[in-house]
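Structure at a glance
The residues making up each chain are set out below.
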Amino acid sequence: MSKKTGGSGAVGTTEAGSTVPGAGSGVSRRRLIGGAGAAGAAGLVLGAAGGAGGYAATRGDEPAALTTIGTTVAMFHGKHQAGITTPLQARGHLVAFDLAAGAGRREAAALMRRWSAVAERLMAGEPTGDDTGVARDAGPSSLTVTFGFGRAFFTRTGLEARRPAGLDPLPAFSSDHLDAQRSDGDIWVQIGADDALVAFHALRAVQREAGATARVRWQMNGFNRTPGATARPMTARNLMGQIDGTGNPKPGESDFDQRIFVPAGGPAAHEWLAGGSYAVVRRIRMLLDDWEQLPVDRQERVIGRRKADGAPLSGGSETTEMDLDKADADGRLLIPDNAHARISSPEKNGGAAMLRRPFSYHDGISDDGTPDAGLLFVCWQADPFKGFVPVQRKLDRGDALSPFIRHESSGLFAVPGGVAAGEYVGQRLLEA
Ligand code: HEM
């Protein structure tokens, strides 16, 4: 019997009889994640029922036995690309490529075709033609490879007329300390897997396949907690020690798709993006030396939630709604005015919401002796100017977390919808 985990929701688990070829022999249980369809719907229901830990926690069943980590498969084909609603993976690589001088639409189309073919094979746990062998012996380990296009891609390929307004430049924020070399890029690739070698293997395959068509502009490497490390599925913690991901929109909520995915039926020029999404990527450094000096009760007031269990300071457990009006006997708000979770909440932003799906990073110690560590913040939404931008504007003006973080790079990418068998990612843009 194989094990199949939810569709575009990818949060629940249901038993299913199918198996996926190529994930290694002698495997008696496989778990499938991603893809749309019946299994997805079942996953959503189970995910909603069992979603106590919020989106990021919802692997949806008992902690995975070690043997299931390697065998879990994310579906390459489907309504949406994998890697958006797929549960957080333990390892991640974010890479931006620029098209090489002289490469235009034709070369970009050929590259996307090659990359899609490689991603499909690797996500199924199959070797590529000139395989390096790095991932030999491992199953697909929830590998996802997700592709997006930056604003400049449309200029390079002569497709400006089909560039959506969602790719307009993000506004500057007063607290930005952005490094242009590590920002933006023509094509963005997000790789995630629950095994470091599987993730590296995919990264090398993608880099090699770029050939002379595109060169790496920047690369960032991240990680999350390994599934199975906790006794029960839990929302992840970030490097400040906070439970992070609780307030995320959940697959299965009635407005989830509307908030996260670009609907069909927009202007014809942008139809290629139907079923897609926008990713805002920010490398956010955490000033950990300062943060770690704060007593825990002050840390909790910065966020508005308890550190130990993520419960709002207004009471209850992690999944209890924040009561933003609740005050103590002296009339002081329990969730302070400048608390991060208050300021960023949809309630305080005209309903603006995004799906945060980050990786942590640690790149050693900087020249000043402080850790170069933080969050590779990736958030997904149907429209970045209704999701990330208004929320970040507000955070920029008075978030209690601001003194402890620094936005060091930024990217905005339009991520096409998923593809059917025989199609490659971006084909509807590049060949229409
Ligand atoms: C290093 C930087 C950041 C850290 C450490 C951080 C941490 C947290 C934590 C601990 C929570 C509460 C738990 C949760 O609901 O997930 C939270 C909530 C949230 N954060 Fe952040 N955050 C960071 C940056 C950002 C940025 C840049 C944005 C968007 C512009 C953002 C948007 C949100 C949203 C929308 C929520 C949920 C609010 C709600 O619905 O209750 N965060 N964040």
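Residues numbered from 1 in each chain as written. Predicted model: local features only at pLDDT ≥ 70, side-chain atom pairs only at ≥ 80, totals over all residues.

**Looking at the overall build of the protein chain**
If you tally the helices and strands in the protein chain, you get 11 helices and 13 strands. A total of 432 residues make up the protein chain; the buried ones form 52% of that total. Within the protein chain, contacts between residues separated by at least 24 positions form 79% of all contacts whose residues are at least 6 apart in sequence. (Helix = DSSP H or I, 4+ residues; strand = E, 2+ residues; numbered from the N terminus. Buried ≥ 20, exposed ≤ 12 C-beta atoms within 10 Å, placed from the backbone. Contact = placed C-beta atoms within 7 Å.)

**With respect to the site of the ligand**
Taken together, 27 residues lie around the ligand, and Gln-242, Thr-246, Gly-247, Ser-344 and Gln-392 are the ones closest in. Mapped by element, the contributors of at least two residues to the shell around the ligand are β9 (277–286), α9 (340–343), β12 (371–381) and α10 (388–398). Broken down by element, the residue count for the shell around the ligand peaks at four residues, all from α10. Classifying every residue of the shell around the ligand gives 13 nonpolar, 10 polar and four charged. (Near = placed C-beta within 6 Å. Nonpolar A, V, L, I, M, F, W, Y, C, P; charged D, E, K, R; others polar.)

**Focus: the environment of Asp-337**
Tracing the backbone shows Asp-337 in the loop between α8 (296–303) and α9. We classify Asp-337 as exposed; it has 12 C-beta atoms within 10 Å. Linking Asp-337 and Arg-301, residues 36 residues apart in sequence, is a C-alpha distance of 9.6 Å.

**Considering the environment of Leu-355**
Mapped onto the secondary structure, Leu-355 falls in strand β10 (residues 355–356). The residues touching Leu-355, leaving out its near neighbours within four places in the chain, are Asn-248, Pro-249, Ile-260, Cys-379 and Trp-380.

**Considering the nonpolar core**
Ranked by internal contacts, the top residues of the largest apolar core, which has 92 residues, are Met-123, Val-145, Ala-202, Val-206 and Ala-279. When near neighbours in sequence (up to four residues on either side) are disregarded, Val-206 contacts Trp-115, Val-118, Val-145, Val-189 and Ile-191. (Core = buried A, V, L, I, M, F, W, Y, C linked by C-beta atoms within 7 Å.)

**Observations concerning the packing of helix α3 (residues 105–123) against helix α5 (residues 196–210)**
Closest axis-to-axis distance for the α3/α5 pair is 10 Å, and the angle between their directions is 160°. It follows that α3 is roughly antiparallel to α5 by the angle criterion. Crossing handedness for the pair α3 and α5: right-handed. Between α3 and α5, the residues in contact are Leu-111, Arg-114, Trp-115, Val-118 and Leu-122 and Ala-202, Ala-205, Val-206, Glu-209 and Ala-210, respectively. When grouped by side-chain class, the residues that make up the contact of α3 with α5 number eight nonpolar, no polar and two charged. (Axes fitted to C-alpha atoms, helices over the stretch in contact; angles between N-to-C directions. Parallel < 35°, antiparallel > 145°, perpendicular 65-115°, else oblique. Left-handed = near helix turned anticlockwise from the far one by under 90°.)

**What about α3?**
An ideal rise of 1.5 Å per residue puts 27 Å on 19 residues; α3 measures up with 26 Å between its terminal C-alpha atoms. If you check which residues of α3 are buried, you get Ala-108, Leu-111, Met-112, Trp-115, Ala-119, Leu-122 and Met-123. Each buried residue of α3 sits inside an arc of 100° when the element is viewed along its axis, so together they form one side. Residues of α3 that are buried in the fold lie against β4 (72–74), β5 (91–99), β6 (144–149), α5, β8 (214–223) and α11 (427–430). Among the residues trailing α3, Gly-125 stands out with phi positive, at a value near 85°. (Expected span 1.5 Å × (residues − 1). Arc of directions from axis to C-beta.)

**Section: the confidence of the model for the protein chain**
Overall, the predicted model of the protein chain reaches an average pLDDT of 88, with 85% of residues at or above 70. Low pLDDT, under 50, characterises residues 1–29; the predicted model gives this stretch 113 contacts beyond four residues in sequence or across chains. Below pLDDT 50 for its whole length, residues 34–59 participates in 98 contacts with residues either more than four positions away or in separate chains. (pLDDT = per-residue confidence, 0-100.)

**A few points about α8**
Along α8, the residues classified as buried are Gln-299, Glu-300, Arg-301, Val-302 and Ile-303. Buried residues along α8 sit against α9.

**As for unusual backbone geometry**
Phi is positive for Ser-141, close to 55°, though the residue is something other than glycine. Structurally, the position occupied by Ser-141 is in the loop between α3 and β6. Among the residues examined, Ser-141 registers 29 C-beta atoms within 10 Å and is labelled buried. Unusually for a residue other than glycine, Asp-184 sits at a positive phi of about 55°. Note that Asp-184 resides in the loop between α4 (151–156) and β7 (187–193).

**Describing the environment of Gln-190**
Structurally, Gln-190 can be placed in strand β7. Take Gln-190: there are 26 C-beta atoms within 10 Å of it, and that puts it in the buried class. The spatial distance from the C-alpha of Gln-190 to the C-alpha of Val-378 is 9.8 Å, given a sequence separation of 188 residues. Among all residues touching Gln-190, those that are not within four sequence positions of it are Gly-83, Gly-92, Leu-94, Thr-146 and Val-378.

**A look at the pairing of β5**
If a strand is regular, its side chains alternate between the two faces of the sheet. Most of β5 sits inside the fold, with eight of its nine residues counted as buried. Sheet topology note: the β5/β7 ladder contains seven bridges and is antiparallel. When the sheet's bridge partners are listed, Arg-91 is paired in β7 with Ala-193. Pairing analysis gives nine bridges linking β5 to β8, with the strands arranged antiparallel. Residue pairing for β8: Val-95 is matched across the bridge by Gln-219. (Pairing = 2+ DSSP bridges.)

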